[in-house]
Amino acid sequence: MNRAVGATVLAVVLLTASPPHRLTAQDSQYGIQGLGTPGRGESVRARSTGGAFAPFDAFSPLLEAPLADVRRLAAGVTLGTSWRTVDVAGTEASLRASRFPALVIAGPITRRIVIAGGFGTYLDKSFGVLTHDTIDIRGQPVGVTDEITSDGAVADLRFAAAARVHSRLAVGVALHGLTGSTRLAAVRTFDDSLYRTSTAREEIAYGGLGGSASALLDVTRDLRLAGWVRSDTKLTADVRGRTASTTDLPVAFGGGVRWRAGTEAVVAGAVAWRRWRGAGPDSHDTFSWSLGGEVGSVESPLRLGVRGGQLPFGPGGRAPTEFGLAAGLGKQFSGGRGRLDFGLERLERKGGGLSERVWTFVLGLTVRP
Amino acid sequence: MTPCPRPILLPLLLAIGACTERITAPGACPDFCPRDSIRLEDVILDSIIVRDSAYAGYLQGYQGEALAVADLPGVDSRAIFLMNRFTEVMPDSGDTTRGPGIVDSSWVRVHIARRDTNTANLRLKLYRLPITIDSTTTFDSVAAEFGAPPLDSLNVDSLLARPDVVDSLTVATWGDTIRTDGAGHVLQFSPADSTLILYFRLDTLQAPFSVADSGKLAFGVRVAADSLASIALGANERLDGATMRRFYHYTKMIDSTTDSTVSTSLLRGATFDNFVFDPPTPALDAGAVDSTLVVGGVPAVRSLVRVRIPAFLRDTTDVVRATLLLVPAGPVPGAAGDSFTVVVRPVVTDIGPKSPLSGSAGRATVHIGSADTVRIEVTDVIRAWARDTTAATAFVLGQIPEAASYTQIRFYSSRATARRPTVHVTYVRRFPFGGGTP
């Protein structure tokens, strides 16, 4: 066990030792023309169940109400690395990125009230596009290569409070501060050496606000329902102190159900709607669903999950779709004061003549000192 | 039992794999590319050249890096050079004993730094000139000496047609193979390049030793050919001027009753070299200064050109190519097939014709006889000026090599509205970050 802990700590160090901008990497080509690729807001436990456990997991920054069950100070961190293959018109490209999608720190301040803080990824905005063309300059055809890159993300800083108002009912609210930046570069190189390379660089700062509320209702001892709603204002993009654009952010709501099927089996399902339609051209409202389960002891469970849904940005009148399978393991140590979670997810996205296949490895560490 | 290493290795390998990031993919445009693209614009700026003028007198012919020698319709140019003094008492190297020397013969060496390989039957003629030649010597003042029979002449084409002399003694003496003719002229290829080094062999009548003149001698070179009689000889300014080796002997006393004859040689370089030509470079009068930008000739003429960078180039663009377009006022006179270089050198600070200059920012080759528009790539300097608002935005047009040729080009100045200098600029518009791709 000590060896596994050491290895995990080492992996965490290696994953986080890189510059911060590398830890907020891209997720999809579908986000290039839109605002970006929405973050998951899921811990490793929730991710390994396809997202089905997210509404019931205190360390998934999706709902606040589950925080009410945190009885002592605890912190959870999630790291991930994705290997992505993009296929467009028969041409494949292999991409790789690492990220630091979620951190949650929570603890009770009274017997009934728990507060939490942390961050998650709201929008991944890292991408790079390379194009080749031949254009006519001064009456001569000249080959050009354009590379446009964006490196950064919008983070969701969350301050949440939850309370168990009844033995069967917990509620929570949160304020969300959206902040982040991207470093963009547009580089054109010419095949003809008479033309100098043109490089333009800029940094865009993003800002926005949001609020959310959620509730958990224990219908029976084994059946729990979750519901949530979230509304974000507008995302402003500032370039050199000037607001370059303002974009509507979605209202979202969703729910879930969890059934404890014995002492060593839990299954859950979740759905969510997000109204992205106002976020610019080629944006779509999305619906997503997930189904997953956890079997085994609390100390070392096995998790499986499946998810499906839509992506908010993509060309044409129909939203791109995604479908994924996930699996994971957990291991509790130090008498329950620490927990390691590993997960592996396989996603397929399709739409607009492009498809993506993504393998994602996620690693989570939860500590209850 | 050895514990299984896999629990350790798996996350470790994954973490190491995550240490590299690759986020750039081939673009599937337009659907999966940023909405905005890099936009290129192309414009000819016809009013950014302002307050331009020509100035003369930068370098004289004797300061040039080459000596133009030509005999062409419309121009006759001749090289002249004065050899250093030759002491009456010959030093005996390594021995304190000295004695009177007797000159036996001499070599005069000249280097053809540039020639037209299409020239047929190229001949060089060596003339004796008075040792009074100096910077005031003109074409006319030495016309009589050049009108006399030459001291010697050699045919370059004949020498080139001769076989290499490759015996070991020759190679040991000359340092390389040579070609020689029956008159004792020697041709060698320069070890640094493929240019030609020529040696005239002169006897004591052709190159006498005069005590009164301290052994000084002056020579002139003319060129002749069936066509395209134009060459450039190396000059002192490039450490490539004419030299003279005098072979002499003297009697050395071994003891009070015994002597021996010592044969040796001394090398002397030219203390002055120049070229004189007819007709002379046209005067840079007010009319020429007003209407044209003059470059080249002897004395060397340069043109100072000031550039007014438009605001849009500074604020919203990235210049990727800039070409200075200069329209000649007419074909450049000179030897057909010849050429020279016009160079753009930005000023460090603009204090008029004496402005200090930085290095070359662009150059173009001008062909004799052509009146085509001269195009000089000045991308780097225009880019620099667009970004640095404190820079002096002026440059000087000069000739390379300067004052080494009678050739001169005249471009239309900014006062010539229809044919004024212009700058063809290709630029990339500032990418609309934060607009189409919020």
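Thresholds applied
Residues numbered from 1 in each chain as written. Chains lettered and ligands numbered in written order. Predicted model: local features only at pLDDT ≥ 70, side-chain atom pairs only at ≥ 80, totals over all residues. Helix = DSSP H or I, 4+ residues; strand = E, 2+ residues; numbered from the N terminus. Rg over C-alpha atoms; globule rule 2.2 N^0.38 Å. Buried ≥ 20, exposed ≤ 12 C-beta atoms within 10 Å, placed from the backbone. Contact = placed C-beta atoms within 7 Å. Arc of directions from axis to C-beta. Core = buried A, V, L, I, M, F, W, Y, C linked by C-beta atoms within 7 Å. pLDDT = per-residue confidence, 0-100. Pairing = 2+ DSSP bridges. Axes fitted to C-alpha atoms, helices over the stretch in contact; angles between N-to-C directions.

### Remarks on the overall build of chain B
And step 1. Check the secondary structure of chain B and you find seven helices and 25 strands.
And step 2. For 438 residues, the compact-globule estimate of 2.2 N^0.38 gives 22 Å, and the C-alpha radius of gyration of chain B, at 31 Å, exceeds that figure by more than 25%.
And step 3. For chain B, the C-alpha atoms occupy an extent of roughly 105 × 90 × 40 Å along the three principal directions.
And step 4. For chain B, buried positions account for 40% of its 438 residues.
And step 5. In chain B, the share of contacts with a sequence separation of at least 24, taken over all contacts with a separation of at least 6, comes to 79%.

### A few points about the overall build of chain A
And step 1. Looking only at helices and strands, chain A features two helices and 18 strands.
And step 2. Compactness check: chain A gives a C-alpha radius of gyration of 22 Å against a globular reference of 21 Å for 369 residues, within 12% of the reference.
And step 3. Seen through its principal axes, chain A has C-alpha atoms that stretch 80 × 45 × 35 Å.
And step 4. Taken over 369 residues, chain A has a buried fraction of 50%.

### Let's talk about unusual backbone geometry
And step 1. The omega torsion of the bond from B:Asp278 to B:Pro279 falls at 0°, within 30 degrees of zero and hence cis.
And step 2. The step from B:Ile400 to B:Pro401 runs through a cis peptide bond, and the omega angle for that step is -10°.
And step 3. One can find B:Pro401 in the loop between strand 23 (394-400) and strand 24 (408-412).
And step 4. The phi dihedral of A:Ser334 falls on the positive side, at around 55°, and the residue is not glycine.
And step 5. Looking at the secondary structure, you find A:Ser334 in the loop between strand 16 (321-333) and strand 17 (338-351).

### Quick look at helix 7 (residues 379-387) of chain B
Residue and element names in this part refer to chain B.
And step 1. All of the buried residues in helix 7 are Val381, Ile382, Trp385 and Ala386. All buried residues of helix 7 fall inside an arc of 135° around its axis, so they share one side.
And step 2. Summarising the contacts, the buried residues of helix 7 are in contact with strand 18 (301-307), helix 6 (311-315), strand 19 (317-326), strand 20 (339-346), strand 23 and strand 25 (422-429).

### Details of the nonpolar core
And step 1. With 139 residues, the main nonpolar core has B:Ala68, B:Val69 and B:Leu233 as its most contacted residues.
And step 2. With six residues, the single largest contributor to this core is strand 4 (residues 66-72) of chain B.
And step 3. Not counting the four nearest positions on each side in its chain, B:Leu233 is found in contact with B:Ala66, B:Leu67, B:Val69, B:Ala79, B:Val110, B:His111, B:Ile112, B:Ala113 and B:Val221.
And step 4. Membership of the second largest hydrophobic core comes to 34 residues, among which are A:Val114, A:Ile115, A:Ala116 and A:Ala252.

### Quick notes on the environment of B:Asp116
Residues and elements named next belong to chain B.
And step 1. For Asp116, the location among the structural elements is in the loop between strand 7 (99-115) and strand 8 (123-129).
And step 2. With 17 C-beta atoms packed within 10 Å, Asp116 lands in the partly exposed category.
And step 3. In the structure, Asp116 is positioned 222 residues away from Asp338 in sequence and 7.3 Å away in space, judged by C-alpha atoms.
And step 4. Every residue in contact with Asp116, bar those within four places of it in the chain, is listed here: Leu228, Ser230, Ala335, Gly337 and Asp338.

### Structural notes on the confidence of the model for chain B
Residues and elements named next belong to chain B.
And step 1. For chain B, per-residue confidence averages 88 on the pLDDT scale, and 91% of positions sit at 70 or higher.
And step 2. Here residues 1-9 is modelled with pLDDT under 50, and outside its nearest four sequence neighbours on either side it reaches six contacts, counting other chains as well.
And step 3. Per-residue pLDDT stays below 50 along residues 12-19; that stretch engages in 16 contacts with residues further than four places along the chain or on separate chains.
And step 4. Predicted complex metrics record ipTM = 0.79 and pTM = 0.80.

### Notes on the sheet that holds strand 2 (residues 40-45) of chain B
Residue and element names in this part refer to chain B.
And step 1. Within the open sheet, the four strands sit side by side as 2-25-19-22. Their pairing is antiparallel. Every interior strand has two partners, whereas the edge strands, strand 2 and strand 22 (374-377), have only one. For this sheet, the mean angle separating the axes of adjacent strands, direction not counted, is 20°.
And step 2. Contacting strand 19, strand 22 and strand 25, helix 7 runs over the sheet at an angle of about 130° to strand 19.

### Quick look at the confidence of the model for chain A
And step 1. Mean pLDDT over chain A stands at 89; residues scoring 70 or higher make up 93%.
And step 2. In this model residues 1-26 of chain A is a low-confidence stretch, pLDDT under 50, and it forms 66 contacts with partners more than four residues away in sequence or in other chains.

### Brief notes about the environment of B:Asp36
Residue and element names in this part refer to chain B.
And step 1. Here Asp36 is to be found in the loop between strand 1 (24-26) and strand 2.
And step 2. Judged by C-beta crowding, with 16 C-beta atoms within 10 Å, Asp36 ranks as partly exposed.
And step 3. The spacing of Asp36 and Asn121 is 85 residues in sequence and 65 Å in space, taken between C-alpha atoms.

### Re the pairing of strand 20 of chain B
Residues and elements named next belong to chain B.
And step 1. Taken across its eight residues, strand 20 has six buried, putting it largely inside the fold.
And step 2. As defined by bridge partners, strand 20 adjoins strand 21 (residues 362-367) across six bridges and the pair is classed as antiparallel. Counterpart to Thr341 in the pairing with strand 21 is Thr365.
And step 3. Where strand 20 and strand 23 come together, six bridges link them in antiparallel fashion.

### Here we look at the environment of A:Pro61
Residue and element names in this part refer to chain A.
And step 1. Structurally, Pro61 is set in the loop between helix 2 (44-48) and strand 2 (74-88).
And step 2. Sequence-wise, Pro61 and Gly269 are 208 residues apart; in three dimensions their C-alpha atoms are separated by 17 Å.
And step 3. With residues up to four places along the chain from it excluded, the contact list for Pro61 reads Gly41, Ala102, Val104, Gly118, Gly120, Asp156 and Arg158.

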